[in-house]
Amino acid sequence: MGRSQAIGRGHDPRFGPEADDAGCTILHVDMDAFFAAVSVRSRPELRGKPVVVGGVGPRGVVSSASYEARRYGVRSAMPTARARALCPHAVFLPPDFAEYSAASAAVMRIFRDVTPLVEPLSLDEAFLDVAGAQRLLGRPAVIARDIRARVAAEQELTCSVGVAQSKFVAKLGSTRAKPDGVIIVPAGQVLDFLHPLPVDALWGVGERAAETLHRLGLMTVGDLAAAPRPMLRAALGESSAAHLHELAWGRDPRRVVTEQAEKSIGAEMTYDTDVTEPATIRRSLLALADKVGARLRAGGHVGRTVTIKIRMADFRTVNRSRTMQTSTDVAREIFGTAWALFEALRPAESIRLVGVRVDGLSPAAGASRQLSLGEPDRGWREAEAATDAAAARFGRSIVGPASLLGQTDRRRTENHPHSTVVPLSDPPLPS
């Protein structure tokens, strides 16, 4: 059971948008079905239909599902084949992380217009500390309402907001508020909100820990709060027992942390059937490098270390890395390093999955780049930045490396008035 299912839905008037928000200066804002919603935004004909985003092949996994699809039981992390069985009439779309990154950046800018104290947790959620914004913008409940209105008006997306004294309770509140709602947990009613929840609503209680607690007869957060500490220590260990006991009593002293630098950016793909052909793997690495480069540029990052991930048919996984002389956000340079790493590895076994990751990130602004002898001072990065601009206007699917297009794709591209082909295909495949 996922955490959102564990927490459940329903709106208790004690925790509605008109509840007492005095002292509740922590907001957790969570976008609703973010990947699916962004995909539908660019394809309005899909509005109101069940939409599933994720791997579309037989080995794919659901990344996001619209609420129309969720009514059929489709959930994130579910195998795509299972989702198709549950909702065969759904529209299944591959993810477009460049589009999601751009939408996320726009949403985060709205948050930072409210307060500089924003802690992103992922592309689609963040904590905000609005204590210093109240004099200018009003009570936390008013700020939450205005954030939701701006996101809807400016981005055509919806979000849910939890308002509380602590990060933990605010996050639980936003989950219970979904979709497109607000939950306020008054400072004096935190335990009334927490204790009826199932025990697996607590951070740190996964499937196995929940089974352990259930065997002890601890079904709710209130049960765990009242449980003898020695019993918890014996079942979970000292650290987990102390952590869960504090959360069960609503105690979470963590502050909103604004400096959480992204450590790496990567992408990977699982083949529908295992492959051995170097040309197929090369095209995959090129496509992944293109995605990673776009995400680096969208986030304002450059990186120095390129890593490839190769998973064999028997699930054995091999990683190989190389650190470049200078940092980059250029897909062609990332691909060149990734392909060289694969050429050095050249496994004889069939391959199930490949991935490309860039580590050692730093801000792109001010990053120096050393030109190779004879290399023009403008070229690939500018070309890729132009594809980013085209993708932002027309969608990522109509712009990309030429070598990723088959003959049918090439003919369709030639007939599309807005299509762009970027020839990222060299160096040529060795014979």
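Owing to the predicted nature of the structure, the values given are computational and were not obtained by experimental measurement. (Residues numbered from 1 in each chain as written. Predicted model: local features only at pLDDT ≥ 70, side-chain atom pairs only at ≥ 80, totals over all residues. Heavy atoms only, no water.)

Caption draft 1: Broad picture of unusual backbone geometry. Here the amide bond leading from lysine 178 into proline 179 is cis, since omega sits at -10 degrees, within 30 degrees of zero. Along the chain, the position of proline 179 falls in the loop between helix 8 (167–177) and strand 8 (182–184). Even without a glycine there, the phi angle at phenylalanine 315 is positive, about 75 degrees. Positionally, phenylalanine 315 belongs in the loop between strand 10 (301–312) and strand 11 (317–328). In this structure phenylalanine 315 comes out as exposed when scored by relative accessible area, which is 51%. Despite not being glycine, arginine 346 has its phi angle at roughly 35 degrees, a positive value. Within the secondary structure, arginine 346 is located in the loop between helix 15 (331–345) and strand 12 (351–359). (Helix = DSSP H or I, 4+ residues; strand = E, 2+ residues; numbered from the N terminus. Buried < 20%, exposed > 50% of the residue type's maximum accessible area, 1.4 Å probe, protein only.)

Caption draft 2: Summary view of helix 13 (residues 238–248). Inspection of helix 13 places Ala241, Leu244, His245, Leu247 and Ala248 among the buried residues, and these make up the whole buried set. Along the long axis of helix 13, the arc covered by the buried residues comes to 165 degrees, so they all point the same way. Of the residues trailing helix 13, glycine 250 is marked for its positive phi of about 75 degrees. (Arc of directions from axis to C-beta.)

Caption draft 3: How the structure looks around the sheet that holds strand 6 (residues 125–129). In space, the 5 strands of this open sheet follow the order 5-6-1-7-8, with mixed pairing throughout. With one partner strand each, in any of the chains shown, strand 5 (118–122) and strand 8 form the two edges of the open sheet. On average, adjacent strands in this sheet sit at an angle of 15 degrees to one another, irrespective of strand direction. With 6 bridges connecting them, strand 1 (residues 26–31) and strand 7 (residues 159–164) associate as antiparallel partners. Looking at strand 7, one finds that isoleucine 26 is bridged to alanine 164. Contacts from helix 5 (residues 97–114) reach strand 1, strand 5 and strand 6 within the one sheet, and its direction differs from that of strand 5 by about 155 degrees. Against the sheet, helix 8 touches strand 1, strand 5, strand 6, strand 7 and strand 8, its axis set at about 145 degrees to strand 7. (Pairing = 2+ DSSP bridges. Axes fitted to C-alpha atoms, helices over the stretch in contact; angles between N-to-C directions. Contact = heavy atoms within 4.5 Å.)

Caption draft 4: How the structure looks around the pattern of salt bridges. Evaluated as defined, the whole model comprises 18 salt bridges. The closest approach of N and O atoms between arginine 139 and aspartate 21, which form a salt bridge, is 3.2 Å. Taken as a pair, arginine 139 in the loop between helix 6 (134–137) and helix 7 (140–155) and aspartate 21 in the loop between helix 1 (3–7) and strand 1 lie far apart in primary sequence, 118 residues in all. By relative accessible area, which is 42% here, arginine 139 ends up partly exposed. (Salt bridge = Lys/Arg side-chain N within 4 Å of Asp/Glu carboxyl O.)

Caption draft 5: Region of the structure containing the nonpolar core. Leu27, Phe34, Phe111, Leu128, Ile147, Val151 and Val163 are the most contacted members of the largest nonpolar core, which totals 39 residues. Those elements that provide at least two residues to this core are strand 1, helix 2 (34–42), strand 2 (51–54), helix 5, strand 6, helix 7, strand 7 and strand 8. Of all the elements, helix 5 adds the most residues to this core, at 7 residues. If we skip the residues at most four places from it in the chain, valine 163 touches Cys24, Ile26, Leu27, Pro140, Ala144, Val182, Ile183, Ile184 and Val185. Listed in part, the 35 residues of the second largest apolar core include Phe15, Leu197, Ala201 and Ala248. (Core = buried A, V, L, I, M, F, W, Y, C linked by side-chain atoms within 4.5 Å.)

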